[in-house]
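Working through the structure, step by step
Residue strings, one per chain:
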Amino acid sequence: MNKTLQFGIKCTNIQDWRVFIVELSKKYIHMNREKGKAATQITLDDDFNVPDTKPDLIRIILDKGEIRLDETTITQDHVWLKGVLKFSLLYRSDQEEGRINSMSGEIPFQESLAIDGANEYDTAKMRWEMEDLSIGIINSRKLSVKALVALEAEIDEIYDEEIVTGAEREGGVQLLEQTLSAMELFLAKKDTWRFKEEILLPSNKPNIRQVLWKSVQLRSVEMRLMDSQLNVKGEALVFVLYEGEEEDEHLQWMETALPFNGMIDCNGCNDDMICDVSYDIAGIELEAKPDYDGEERMLHLELVLDLEIQVFTEGEDRIVADLYAVNEKLTPLYQEAVFEKLLLRNASKCKIAEKMSLDKNQEPILQICASEGTAVVEQTEIVEGGIQVEGTLQINILYVTADDRMPVASVKDILPFHYLIEVPGMNRSCRYHLQTGIDQLTTVMTDSSQVEIKAVLNLNCIVFEQQKIHKIKEVEEEPLNMEELQESPGIIGYIAKEGDQLWNIARENYTTISEIVKTNQLASEQIKGGDKILIIKTVG
């Protein structure tokens, strides 16, 4: 956006001063910045009765929990959250038939986070992390559920930063220009992408009587900007443990990988632009349903992703860093501004290889059913040469045992990882965004008490270099002191010092660079210490 503004001061009581209006050409750069953020920890604690339709609970095999945020409301200086903790568990019951069972529940919560300056017109980015989940048995019909959850809210604001790209004045004006490389926000939007799929059981699997455990994990997620669209690509790894209808094949499971590839509208965008996308799983539904023959042999999957999309263009502008006139005193007024440019986009791969051993009191492994993994970044730090990332890979392994009384069991482990994302030119003023995910995860039995774990984590990072500059905001004008000028010499001999520039010499002596070059027959506008130059005033 370009705009021409006029600045001038009329002064009629000064003899022989003619008013020349300085016209500044301005451009507005569309940008965003952090307005405020806040974080808190909440503890959720409640007791739950086992439903009457479920058998008594003897031992918990596996549990998990997730946060679903249903409503976010912003008022003056506050962000209000409403959501639920959804938990589920797989357990050993007291029955001979159907000895493995499951149950689930929810704990609702409301919370507020204080952010100065927040108002109803803002939108907030929300993040959560399950720092601890503990499900204990009170008695065979009652559970205790406790969770420690970290919540974070961040609010960005979009604004226009103006820069002066030129100046004109009837009586002439001298300009000192410099190049500004800066990113401009082209698009900022929230969107939702849905993936639906019908999964048929393999022909050698019995019909589903009851789904006992289910999980959907994302693998190798990629976001790529195309012409007017954002491509969402990856893989959904689906696992289901279920009770079969056949009496002799009571406990069954199925695992499959479903590739997904979809598009989200981003009008006007192209693959030359820079995109920064955050995504979170907003919801997963995986339910058994009848197939076309009316048999319970189909699973319906619906996966919902929430996306925060920002698209930038990067360009160069010539801006006015200084100005003066030889026949009038011009005083530019400056203001500090921060602009960003892309320093690096990095898709790093962090490899993890560890061996995990069972405790002595755990059932030996007969066969691994499924593995679930969650990559958690616990700390990042800007260091020399890049970004140091510290985190953990949380692993849950569900496996078959040789014990008929406990046909399935699980083992958990937390594997630390450390990785340096190399970013040449990184400094502490840089801003960065890191999105972590799992690219590959494999678990292989080495024997009945040990598992070899291999994982590849995606550490997708985008780094922005911040540039602080003093930009011209406006220009004050006033007449020269002609008496003082007439008393000063009209011709000056000058010996240049190291670091001298013709711009400063010309400005201080009420002449122009071109006049100095012409008078001294210089080959260029560059001078060095010891050069002798003749300066002739062009005013007074």
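The structure reproduced in this document is the subject of the present report. Everything quoted here is computed from the prediction, not taken from an experiment.

Definitions and limits used
- Residues numbered from 1 in each chain as written.
- Predicted model: local features only at pLDDT ≥ 70, side-chain atom pairs only at ≥ 80, totals over all residues.
- Heavy atoms only, no water.
- Helix = DSSP H or I, 4+ residues; strand = E, 2+ residues; numbered from the N terminus.
- Rg over C-alpha atoms; globule rule 2.2 N^0.38 Å.
- Areas by Shrake-Rupley, 256 points an atom, 1.4 Å probe, with all protein chains shown as cover.
- Lys, Arg positive; Asp, Glu negative; His and termini not counted.
- Charge placed at Lys NZ, Arg CZ, Asp CG, Glu CD.
- Core = buried A, V, L, I, M, F, W, Y, C linked by side-chain atoms within 4.5 Å.
- Buried < 20%, exposed > 50% of the residue type's maximum accessible area, 1.4 Å probe, protein only.
- Pairing = 2+ DSSP bridges.
- Axes fitted to C-alpha atoms, helices over the stretch in contact; angles between N-to-C directions.
- Contact = heavy atoms within 4.5 Å.
- Phe/Tyr/Trp six-rings, centres within 6.5 Å; stacked < 30°, edge-to-face > 60°.
- Lys NZ or Arg CZ within 6 Å of the ring centre and 35° of its normal.

Turning next to the overall build of the chain. Scanning the chain for helices and strands turns up three helices and 21 strands. Here the C-alpha radius of gyration of the chain, 34 Å, is well above what a compact globule of 540 residues would show, namely 24 Å. Total accessible area on the chain is roughly 28,300 Å²; 43% of this is exposed by carbon and sulfur atoms. One way to put it: in the chain the 56 positive side-chain charges average out to a point 2 Å from where the 98 negative ones average out.

One finds Leu 230 and Leu 307 to be the most contacted residues of the largest nonpolar core, which totals 35 residues. For this core, the secondary structure elements donating two or more residues are β8 (174-200), β9 (208-226), β10 (229-244), β11 (251-265), β12 (274-289) and β13 (298-324). In terms of residues, this core owes the most to one element, β13, which gives seven residues.

Read from one edge to the other, the open sheet built from three strands follows the order β3-β4-β5, with strand pairing classed as antiparallel. Across the chains shown, the open sheet's two edge strands, defined by having one partner strand only, are β3 (57-75) and β5 (100-114). Going from strand to strand, the sheet's axes swing by 15° on average, the running direction of each strand aside. Where β3 lies against strand β4 (residues 78-93), 16 bridges are found, and the strand directions are antiparallel. Paired with Gly 65 across the strands is Phe 87, a residue of β4.

A few words now on the environment of Ile 492. Residue placement: Ile 492 occurs in strand β20 (residues 491-495). Sequence spacing of Ile 492 and Asn 509 is 17 residues, and the spatial spacing of their C-alpha atoms is 8.8 Å.

Attention now moves to the environment of Asn 267. Secondary-structure assignment places Asn 267 in the loop between β11 and β12. Here Asn 267 falls in the exposed class, since its relative accessible area comes to 63%. Along the sequence, Asn 267 and Gln 229 sit 38 residues apart, while their C-alpha atoms lie 6.8 Å from each other. In this structure, Asn 267 is in contact with Phe 186 and Ser 228, ignoring residues within four places of it in sequence.

Let's shift gears to the packing of aromatic side chains. Scanning the entire structure with this criterion turns up six aromatic pairs. Each ring, one from Trp 193 and one from Phe 260, has its centre 5.4 Å from the other, and the planes form 45°; the classification is tilted. Of this pair, Trp 193 sits in strand β8 while Phe 260 is found in strand β11, placing the two residues 67 residues apart along the sequence. Ring centres of Phe 195 and Phe 260 lie 5.6 Å apart, and the angle between their planes is 50°; on these two criteria the pair is classed as tilted. Of this pair, Phe 195 sits in strand β8 while Phe 260 is found in strand β11, placing the two residues 65 residues apart along the sequence. As far as burial versus exposure is concerned, Phe 195 and Phe 260 are alike and both buried. The rings of Trp 193, Phe 195 and Phe 260 are connected pair by pair, giving a single aromatic cluster. Sitting over the face of the ring of Tyr 159, Arg 33 holds its NZ or CZ atom 3.7 Å from the ring centroid. Seen from the ring of Trp 253, Lys 205 lies directly overhead, with NZ or CZ sitting 5.7 Å from the centre.

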